[in-house]
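# Fold and geometry: a report
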Amino acid sequence: MPKPSAAKRARQEATRHERNRRVTSTWRTLVRNVREAMQKNDPKLDEIYKQAASYLDRAQSKGVLHRNNASRRISRLTKAVSGHKTKSKSA
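Criteria and thresholds
- Residues numbered from 1 in each chain as written.
- Predicted model: local features only at pLDDT ≥ 70, side-chain atom pairs only at ≥ 80, totals over all residues.
- Heavy atoms only, no water.
- Axes fitted to C-alpha atoms, helices over the stretch in contact; angles between N-to-C directions.
- Helix = DSSP H or I, 4+ residues; strand = E, 2+ residues; numbered from the N terminus.
- Parallel < 35°, antiparallel > 145°, perpendicular 65-115°, else oblique.
- Left-handed = near helix turned anticlockwise from the far one by under 90°.
- Contact = heavy atoms within 4.5 Å.
- Nonpolar A, V, L, I, M, F, W, Y, C, P; charged D, E, K, R; others polar.
- Core = buried A, V, L, I, M, F, W, Y, C linked by side-chain atoms within 4.5 Å.
- Buried < 20%, exposed > 50% of the residue type's maximum accessible area, 1.4 Å probe, protein only.

This brings us to the packing of helix H1 (residues 4–40) against helix H2 (residues 45–62). For the pair H1 and H2, interaxial distance at closest approach is 9 Å and the crossing angle is 155°. Classed by the angle they form, the pair H1 and H2 counts as roughly antiparallel. Here H1 runs over H2; the crossing is left-handed. On the side of H1, the interface is formed by Val 23, Thr 26, Trp 27, Leu 30, Val 31, Asn 33, Val 34, Ala 37 and Met 38, while H2 contributes Leu 45, Ile 48, Tyr 49, Gln 51, Ala 52, Tyr 55, Leu 56, Ala 59 and Lys 62. Its residues placed into classes, the contact of H1 with H2 shows 14 nonpolar, three polar and one charged.

Structure below.
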């Protein structure tokens, strides 16, 4: 039988694991939505992008993503969205 402190730690890890999985799943879905909106030339692309960037920041503040990882993902999304806007305007 594990020590009470080990059992508590296991419960905490299980709870955090579930929370982190939900957050990770959500930000991945939001990033996927941005990419799909770019392919479909969705007029709501800006809103979708802002929502994804905001959630990536939130995931970083919760400790699910490392600060640099979140920053890099937001930067790449920003570059892709702005590149898509200029490409669609010129076309």
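Another point: the nonpolar core. Ranked by size, the top nonpolar core spans 21 residues in total, and within it Trp 27, Val 34, Leu 56 and Leu 77 carry the most contacts. Counting residues per element, the ones that place at least two in this core are H1, H2 and helix H3 (67–90). Of all the elements, H2 adds the most residues to this core, at eight residues.

Geometric descriptors of this kind do not, in isolation, establish any biological role.
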